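An overview of the molecular structure
This is what each chain is made of:
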Amino acid sequence: MKADIIKTDKKYIAGTYNRFPVVAVSGKGSVITDENGKKYIDMGSGIGVTSFGFSDKKWLEAVCGQAAAIQHTSNLYYTGPCATLAKILCRRTGMKKVFFANSGAEANECAIKAARKYASTKYGENRYVIATLNNSFHGRTLTTLAATGQEHYHELYRPLTPGFSSFDAGDMKALEKLNSTGTLAAVMIECIQGEGGVVPLDPDFVKELYAFCQANDVILIVDEVQTGNGRTGELYAYMNYGITPDIISTAKGLGGGLPIGAALLGEKCENVFSFGDHGSTFGGNPVACAGAVSIIKRIDRKLLDGVKRRSEYIFSSLSGAPGVEGVSGMGLMIGIKTSRPAAEVVKECISRGVLCLTAKDRVRLLPALNINEKTLKKAVGIIKKVCAGE
Ligand SMILES: *Cc1c(COP(=O)(O)O)cnc(C)c1O
């Protein structure tokens, strides 16, 4: 069986993924079972997606109930879950309007379109440049690749969408210089660079950037695709930094496992789109939205305190441990700089029944927000041993 699935996949699936030899069959809580019955503790949650783990009762009820009622309508008609989710997201962030998409890249596409339309309508069509940070990651479409400040993602796909310019985090001079050309429409950041190696931005820089954007009417887009929805111990990571973005994009953990993305538009951009300016066939799908409502409703103070408690446990267990050179991140978004190559650590963890991720040269952990604390202890114990080479 196992050989068959892997063989068929290798033959028929485009070669973009170098998968690990695990065929996942079922999951419960934070444990995945493969087709041989081997169990793995999931410390990656499908790259920060399965926020409440697997077979989560409330999410399942919401999703199955909505699928049985009506699974899709297109955006020609109204459905309840879409409106409810948008209302919750606005109330909890202070944003004014939501556009729903199906992925992080699409949420960012919408954020970029909104910022460009705002700036060009107000200041003329030369004001279209979006500044992003070096070492950032914003998605795989040609436009979000252009936004991504890592050259190696660009190489095979030129020409990319024009109008993007990247600068180093902390380098306000570079940003001021760019702004002096009169072309700067927006700045887009991740508060913690995820794919870039779990690198939190310096709070002073973020505050300075926020003040700069406000003073110059430059739209501040915060990409919360990975950092959002409780991941860092606050509902959104920007809330740790005391700023208010003009646009928030999010996806990954929002849906708890179904594809959904959202661009949240603040006061400046709330009315930027008119009929036909943007759209999506699947965006706001009622099943995905019903699942997301069940997730976002439960990300309350108690849950977030639990995220912080689990985070402190991981930080204190791994910081200074043999073979661990450093631990970075916030909440349950954690990067571990290991003495051994990260890929080797991940491979060995899998053979010992723990699924971890990598980000650049780090081992990355993004466990479910409600991971059972006993299960977490077991996983951290195994990771610790593997790091030490035991
Ligand atoms: C994963 C990610 C994206 C892309 O999301 P997709 O759903 O894969 O399109 C964009 N930005 C950040 C910060 C991400 O981590």
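Above this text is the structure in question.
Before going into details, it helps to say that this report is about the structure given with it. All values reported here derive from a predicted model rather than from experimental measurement.

Considerations on the packing of helix H12 (residues 342-351) against helix H13 (residues 373-388)
Where H12 meets H13, the closest approach of the two axes is 10 Å, and the angle between their N-to-C directions is 130°. Of the possible angle classes, the one that applies to H12 and H13 is oblique. As for the relative orientation of H12 and H13, their crossing is right-handed in sense. Contacts between H12 and H13 involve Val345, Glu348 and Cys349 from the first element and Ile383, Val386 and Cys387 from the second. When its residues are assigned to classes, the contact of H12 with H13 shows five nonpolar, no polar and one charged.

Quick notes on helix H3 (residues 57-69)
Along its 13 residues, H3 runs 18 Å from first to last C-alpha, staying within 8% of the 18 Å computed at 1.5 Å per residue. Along H3, the positions that sit buried rather than exposed are Trp59, Val63 and Gln66. One side of H3 holds all its buried residues, which, seen down the axis, span an arc of 70°. Opposite the packed face of H3, turned more than 90 degrees from it, sit the exposed residues Lys57, Lys58, Glu61, Ala68 and Ala69. Among the structural elements, helix H4 (80-93) and helix H10 (286-296) are those in contact with the buried residues of H3.

Section: the state of the cysteines
Each disulfide consists of a covalent bond between the sulfur atoms of two cysteine residues. Applying the stated criterion across every chain yields a total of zero disulfides. Unpaired in terms of disulfides, Cys110 finds its nearest cysteine sulfur in Cys269, a separation of 9.6 Å. For Cys110, a relative accessible area of 0% corresponds to the buried category. Sulfur of Cys356: no disulfide; nearest cysteine sulfur belongs to Cys349 and is 4.3 Å away. For Cys356, a relative accessible area of 6% translates into the label buried.

Description of the packing of aromatic side chains
Tallied over the entire structure, the rule returns two aromatic pairs. For the ring pair Phe167 and Phe205, a centre distance of 6.5 Å and an interplane angle of 70° mean the geometry is edge-to-face. Of the two residues, Phe167 sits in strand S6 (residues 164-167) while Phe205 sits in helix H9 (residues 203-216), which places them 38 residues apart along the sequence. It is Arg127 that lies over the ring of Tyr123; its NZ or CZ is 3.8 Å from the centre.

Some words on the nonpolar core
Within the largest apolar cluster, 84 residues are counted, with the highest numbers of intra-cluster contacts made by Met43 and Val187. Shared between two domains, this core takes at least three residues from each, and those domains are domain 1 (2-55 + 301-388) and domain 2 (70-298). Excluding its chain neighbours within four sequence positions, the residues that come into contact with Met43 are Val354, Leu355, Cys356, Arg364, Leu365, Leu366, Pro367, Ile371, Leu376, Ala379 and Ile383. In this structure, Leu160, Ile219, Ile247 and Val272 belong to the second largest nonpolar core, which totals 21 residues.

Details of the site of the ligand
Around the ligand, the surrounding shell consists of Ser103, Gly104, Ala105, Asn108, Phe137, His138, Gly139, Glu190, Asp223, Val225, Gln226 and Lys252. A distance of 2.8 Å separates an oxygen atom of the ligand from a polar atom in the backbone of Gly104. Contact between the ligand and Phe137: a nitrogen atom at 3.4 Å from a main-chain N or O atom of the residue. Starting from 390 Å² of accessible surface for the ligand in isolation, the protein chains cover 82%.

Some details on the sheet that holds strand S13 (residues 324-330)
Spatially, four strands are ordered S13-S14-S17-S16 in an open sheet, and the strand pairing comes out antiparallel. In the strand order of this sheet, the two ends are held by S13 and strand S16 (357-359), each with one partner. For this sheet, the mean angle separating the axes of adjacent strands, direction not counted, is 30°. In this structure, S16 lies alongside strand S17 (residues 362-365), joined through three bridges in antiparallel fashion. Paired with Thr358 across the bridge in S17 is Val363.

Parameters at a glance
- Residues numbered from 1 in each chain as written.
- Predicted model: local features only at pLDDT ≥ 70, side-chain atom pairs only at ≥ 80, totals over all residues.
- Heavy atoms only, no water.
- Axes fitted to C-alpha atoms, helices over the stretch in contact; angles between N-to-C directions.
- Helix = DSSP H or I, 4+ residues; strand = E, 2+ residues; numbered from the N terminus.
- Parallel < 35°, antiparallel > 145°, perpendicular 65-115°, else oblique.
- Left-handed = near helix turned anticlockwise from the far one by under 90°.
- Contact = heavy atoms within 4.5 Å.
- Nonpolar A, V, L, I, M, F, W, Y, C, P; charged D, E, K, R; others polar.
- Expected span 1.5 Å × (residues − 1).
- Buried < 20%, exposed > 50% of the residue type's maximum accessible area, 1.4 Å probe, protein only.
- Arc of directions from axis to C-beta.
- Disulfide = S-S within 2.5 Å.
- Phe/Tyr/Trp six-rings, centres within 6.5 Å; stacked < 30°, edge-to-face > 60°.
- Lys NZ or Arg CZ within 6 Å of the ring centre and 35° of its normal.
- Core = buried A, V, L, I, M, F, W, Y, C linked by side-chain atoms within 4.5 Å.
- Domains from an automatic or database assignment.
- Near = heavy atom within 4 Å.
- Polar contact = N/O pair within 3.5 Å; in protein donor to acceptor, adjacent residues only side chain to side chain.
- Areas by Shrake-Rupley, 256 points an atom, 1.4 Å probe, with all protein chains shown as cover.
- Pairing = 2+ DSSP bridges.

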